[in-house]
Amino acid sequence: MQKPNVILIVMDGLRAKSMSCYGYKRPTTPFLEEFSKRSTLFTNTFTVNGSSKGAHTALLTGLHPHVTRTLNEFSPYVKSNPTIMEFLKQKGYRTIGISTQCPLFGLESGLIRGFDQYAHIVKSYKQVSFKDLNVCMQWDANARLVDRVVRRGGMLMKRMTDRFLGEQGTASSDARKLERFSLKNDMGGKKTISLLKEYTAEHSGTGEPFFLFSNILNTHRPFLPPEQFRDAFGRLKLTDKVIAANMDEIEVICGINALSADEKETIRTLYDCTVLYADYLLKEFIGWLEANYNLDDFLIIITADHGDMLFEQEDGYAHRWFLYQPVLHIPMIVRGKGFPQGARFSHATSIEDVSPTIANAVCGEGPWLAPATGRDLRQQDPDRIII
């Protein structure tokens, strides 16, 4: 059996509820609508919690958080749990990873174990690639510590300043800072697509199958669609309060930054613009892949780690603090052998099913990832409980 090349793309923070291929009113995912007609779309896939670290741990191990105890960004990762990368290396795969989520894939997480090659796209969005993963993990641990100190210290200083200057004391400076950032920045999306193409071209035709993983941050808050996408669904009125809310969800949740109905709608529209841009990025890569290679040689999985709350429950905003449907319901689109084109499956599936599905695609019908709590995405169980 010829082993497929496996491409796993995680759109960080992409909720199914805001995707037109899942029935959303705005045309946010025109490419994925077309691509899903040539793929299998799972309509009821759920993540395991609202934490990127917890969700990625389930994604890459096939294990539920009640097994790994990785419940949030601050939970330790039990490094005895094998990753899908380690499994695939044993099966002769070359394993490559790309991420804009620097704090997520670092020394404490254990989530880069099994990668032969790994690239961080750091805040300057220049590639930092480390063949020696020990160096990579140590570098990232230091970067994470500095980032945590600066970020926490900045938030504390901002709140202390607000106490003295009032609610408007720093809002205008936040607005100017973010406005400049959003005009110049695409959250590393272009560089990620460039690396996906580069690594695919490098490893195709070598006779060695490869696994290529990418986390793309463009649908994660702060929502920073490039300028040409920003007014795709109407002219946005970016008030100081909207831009401050885009930077800091805590002040919104706690009622410090109280948004009007129009301002909340602006936040939702900003998010929709980032989804449209993410769809464009996927089209850029998969269109290139299809033009240069036979897609039947690949297993392509497009999913998300979690969704987001966009004021469905009063001031419910962001993802780390909630377990409502908009956070938990994520996309799952699969193109590959054994996945019928144009099919839509409605049985309950989980993010923890991805690794067992990949293992089965590589080795034939399993299970291969014992003691995984996930199962093949195609396995139907009407009594299954995900959360």
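Residues numbered from 1 in each chain as written. Predicted model: local features only at pLDDT ≥ 70, side-chain atom pairs only at ≥ 80, totals over all residues. Heavy atoms only, no water.

Some words on the sheet that holds strand S14 (residues 349–350)
Okay, step 1: Read across the open sheet, the three strands follow the order S11-S3-S14; overall the sheet is mixed. Each edge of the open sheet carries a strand with a single partner, namely strand S11 (329–330) and S14.
Okay, step 2: Sheet topology places strand S3 (residues 45–46) next to S11; two bridges connect them, and they run antiparallel. Bridge pairing links Thr-45 to Ile-330 in S11. (Pairing = 2+ DSSP bridges. Helix = DSSP H or I, 4+ residues; strand = E, 2+ residues; numbered from the N terminus.)

A word on the nonpolar core
Okay, step 1: One finds Leu-32, Ile-84, Phe-211, Ile-267 and Ile-358 to be the most contacted residues of the largest nonpolar core, which totals 86 residues.
Okay, step 2: No other element matches the 13 residues that helix H11 (residues 261–292) contributes to this core.
Okay, step 3: Among residues more than four places away in sequence, those in contact with Phe-211 are Val-6, Leu-8, Ile-84, Met-85, Leu-88, Tyr-93, Arg-94, Thr-95, Ile-96, Phe-115 and Ile-358. (Core = buried A, V, L, I, M, F, W, Y, C linked by side-chain atoms within 4.5 Å. Buried < 20%, exposed > 50% of the residue type's maximum accessible area, 1.4 Å probe, protein only. Contact = heavy atoms within 4.5 Å.)

Re the pattern of salt bridges
Okay, step 1: Counted according to the given criterion, the structure contains 15 salt bridges.
Okay, step 2: Taking the shortest distance from any N to any O, the salt bridge between Arg-113 and Glu-86 comes out at 2.9 Å. Placement of Arg-113 in the loop between strand S4 (94–99) and strand S5 (117–121) and of Glu-86 in helix H4 (residues 84–90) is noted, with a sequence separation of 27 residues between them.
Okay, step 3: Glu-86 sits in the partly exposed class, given a relative accessible area of 24%.
Okay, step 4: Lys-197 is paired through a salt bridge with Glu-284; the nearest N and O atoms lie 3.0 Å apart. Here the residue Lys-197 occupies a position in helix H7 (residues 189–203), and Glu-284 occupies one in helix H11, the gap between them amounting to 87 residues.
Okay, step 5: Residue class for Glu-284 comes out partly exposed when judged on its relative accessible area of 34%.
Okay, step 6: What emerges from the salt-bridge pattern is a single network uniting Arg-26, Glu-265, Arg-268 and Asp-272. (Salt bridge = Lys/Arg side-chain N within 4 Å of Asp/Glu carboxyl O.)

Quick notes on helix H13 (residues 354–363)
Okay, step 1: Burial analysis of H13 places nine of its 10 residues in the buried class, which makes it a mostly covered element.
Okay, step 2: Among the residues making up H13, those that are buried are Val-354, Ser-355, Pro-356, Thr-357, Ile-358, Ala-359, Asn-360, Ala-361 and Val-362.
Okay, step 3: Gly-364, located one to two residues past H13, shows a positive phi value of around 90°.

Observations regarding the packing of H7 against H11
Okay, step 1: The geometry of H7 relative to H11 is characterised by a closest axis approach of 10 Å and an angle of 15° between their N-to-C directions. Relative to H11, the element H7 is oriented roughly parallel. Note on packing geometry: the crossing formed by H7 with H11 is right-handed. Every residue of H11 that contacts H7 at Gly-189, Lys-190, Ile-193, Leu-196, Lys-197, Thr-200 and Ala-201 is listed here: Tyr-277, Leu-281, Glu-284, Phe-285, Trp-288 and Leu-289.
Okay, step 2: Among the residues forming the contact of H7 with H11, the class breakdown is eight nonpolar, two polar and three charged. (Axes fitted to C-alpha atoms, helices over the stretch in contact; angles between N-to-C directions. Parallel < 35°, antiparallel > 145°, perpendicular 65-115°, else oblique. Left-handed = near helix turned anticlockwise from the far one by under 90°. Nonpolar A, V, L, I, M, F, W, Y, C, P; charged D, E, K, R; others polar.)

Describing the confidence of the model for the chain
Okay, step 1: Averaged over every residue, the pLDDT of the chain is 78; the share at 70 or more is 74%.
Okay, step 2: Taken together, the stretch residues 124–184 has pLDDT below 50 and engages in 84 contacts with residues farther than four places along the chain or on a different chain. (pLDDT = per-residue confidence, 0-100.)

Thoughts on unusual backbone geometry
Backbone phi values are negative for most residues with the exception of glycine, while trans is the configuration of most peptide bonds.
Okay, step 1: Going from Arg-221 to Pro-222, the amide bond is cis rather than trans, its omega being 5°.
Okay, step 2: Tracing the sequence through the fold places Pro-222 in the loop between strand S7 (210–216) and helix H8 (227–230).

Some thoughts on the environment of Gly-54
Okay, step 1: Mapping Gly-54 onto the fold places it in helix H2 (residues 52–61).
Okay, step 2: For Gly-54, a relative accessible area of 1% corresponds to the buried category.
Okay, step 3: Remark: the alpha-carbon pair of Gly-54 and His-64, spanning 10 residues in sequence, is separated by 8.7 Å.

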